[in-house]
Amino acid sequence: MAAPTRKSVEFFYDVLSPYTWLAFEVMCRYQQKWNIDLKLRPFFLSGIMQGADNRPPGMVPAKATYMGKDLKRLTDMYQVPFKLPSNPAEVMFIKGSINAGRFLTAVDMNCDQYLEELTRQLFLRIYYRDEDITEPASLMSAAAKAGIPEDLAKQLLSTIKDQAVKDRLRQNTQAALDHGAFGSPTIVAHVDGKPQMFFGSDRMELMAHMLGEKWYGPLPELAKAKM
């Protein structure tokens with residue numbers, strides 16, 4: 001009897017979003033437990049917000065207050081070593097993530113075996129170590145921790161302003177918008193030839209149902225993000 005066909009799940013994301021880190025870790029834990037082919041798709045969150053005419057929840061004072069408490073509870077449950085940066089507004093609204101997004105895109109285009117761990121290291125820089133992700137030295141440090149050889153990391157970093165890299169990041173962003181994205185993460189499960197879009201980190205049980213899989217919780221015993 002032939003094995004069931006693996007279902008494709010696209011994970012559209014920007015490392016600037018803290019809730020995205022939770023969803024990212026859970027999807028990475030489940031990529032072997034479920035019969036899925038997980039495809040990481042870096043996108044540009046600012047482009048998503050503009051294209052969807054949305055605004056970040058952190059810009060609403062009551063939501064910002066709630067998020068701080070909510071993320072602490074969730075990260076305890078998910079076993080993700082999360083800490084709010086000392087100046088969240090500067091991180092999210094001033095520094096941004098365009099260079100990180102382009103670097104992730106360059107890695108995806110050339111050596112995608114490093115994409116998962118580089119993504120994790122960038123999340124750890126922002127939301128655990130309170131470190132920068134915009135400067136070349138910061139990206140090189142994340143690449144080193146992700147196991148990317150220095151010469152390769154330098155070559156990839158030199159391409160982040162290339163038109164091909166910019167175009168791919170723009171294409172990922174538009175593809176997410178075409179699926180109905182309005183924030184990060186946007187997860188698209190392809191089920192029976194039809195895309196099923198899910199937003200956020202709290203729709204995993206529903207996604208499992210749509211995929212015909214079982215949800216076992218956040219599986220903290222499979223955590224890969226280390227302090």
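What counts, and where the lines are drawn
- Residues numbered from 1 in each chain as written.
- Predicted model: local features only at pLDDT ≥ 70, side-chain atom pairs only at ≥ 80, totals over all residues.
- Heavy atoms only, no water.
- Patch = residues over 30% accessible without salt bridge, like charges linked within 9 Å, V, L, I, M, F, W, Y side chains within 5 Å.
- Areas by Shrake-Rupley, 256 points an atom, 1.4 Å probe, with all protein chains shown as cover.
- Salt bridge = Lys/Arg side-chain N within 4 Å of Asp/Glu carboxyl O.
- Helix = DSSP H or I, 4+ residues; strand = E, 2+ residues; numbered from the N terminus.
- Pairing = 2+ DSSP bridges.
- Axes fitted to C-alpha atoms, helices over the stretch in contact; angles between N-to-C directions.
- Contact = heavy atoms within 4.5 Å.
- Buried < 20%, exposed > 50% of the residue type's maximum accessible area, 1.4 Å probe, protein only.
- Right-handed = clockwise from strand over helix to strand, strands pointing away.
- Parallel < 35°, antiparallel > 145°, perpendicular 65-115°, else oblique.
- Left-handed = near helix turned anticlockwise from the far one by under 90°.
- UniProt positions renumbered as here; feature names shortened; annotations may be inferred.

Engineer: Please explain a nonpolar patch on the surface as it appears in this structure.
Structural biologist: Judged by side-chain polarity, Met59, Phe93 and Ile94 come together as a nonpolar surface patch covering roughly 320 Å² of accessible area. Tracing the backbone shows methionine 59 in the loop between α2 (45-51) and α3 (61-78).

Engineer: Whenever I open this one, the sheet that holds strand β4 (residues 194-199) confuses me. Can you help?
Structural biologist: For sheets, the rule is that strands pair by backbone hydrogen bonds, running either parallel or antiparallel. Spatially, the four strands line up as an open sheet ordered β2-β1-β3-β4, and their pairing is mixed. Of all the strands in the sheet, the pair left with one neighbour each is β2 (36-42) and β4. Here the strands of the sheet are splayed against their neighbours by 20° on average, with no regard to which way each runs. Both strand β1 (residues 7-13) and β2 contribute to a ladder of seven bridges, which runs parallel. Its bridge partner being in β2, glutamate 10 is matched across the sheet by lysine 39. Across the sheet, helix α5 (residues 98-110) lies against β1 and β2, angled at about 135° from β2, the strand it touches most.

Engineer: How do you make sense of the pairing of β1 when you look at a structure like this?
Structural biologist: As a general feature of sheets, a regular strand has side chains that alternate between the two faces. Taken across its seven residues, β1 has six buried, putting it largely inside the fold. On the question of chirality, the crossover connecting β1 to the parallel β2 by way of helix α1 (residues 18-30) is right-handed. Relative to strand β3 (residues 186-191), β1 runs antiparallel, the two being bridged by four bridges. Within β3, the residue paired with valine 9 across the bridge is alanine 189.

Engineer: Would you take a moment to explain the side chain of serine 8 for this structure?
Structural biologist: Mapped onto the secondary structure, serine 8 falls in strand β1. Accessibility expressed as a relative area gives 17% for serine 8, which makes it buried.

Engineer: Even after reading the chapter, I still don't get the packing of α5 against helix α6 (residues 115-127), so can you show me in this structure?
Structural biologist: Between α5 and α6, the least distance of the axes is 10 Å, while the angle of their chain directions is 165°. Viewed along their axes, α5 and α6 adopt a mutual orientation that is roughly antiparallel. The handedness of the crossing between α5 and α6 is right-handed. Taking contact as the criterion, the partners of Ala100, Phe103, Leu104, Val107 and Asp108 in α5 are, on α6, Leu115, Leu118, Thr119 and Leu122.

Engineer: Got a minute to help me understand the pattern of salt bridges in this structure?
Structural biologist: Charged atoms that come close allow side chains of opposite charge to pair. All chains considered together, the criterion is met by 12 salt bridges. Residue arginine 120 pairs with glutamate 117 through a salt bridge whose shortest N-O separation is 2.7 Å. One end of the pair is arginine 120 and the other is glutamate 117, both in helix α6 and three residues apart, which spans about a single turn. One connected set of salt bridges, linked through shared partners, spans Glu25, Glu116, Glu117, Arg120 and Lys224.

Engineer: Would you take a moment to explain the UniProt feature "active site" (unreviewed entry) in the protein chain for this structure?
Structural biologist: Following the UniProt record, one finds the feature "active site" (unreviewed entry) at Ser17. When you line up the elements, serine 17 lands in the loop between β1 and α1. Residues in contact with serine 17, not counting those within four places in the same chain, are Leu45, Phe123, Tyr127 and Ser184.

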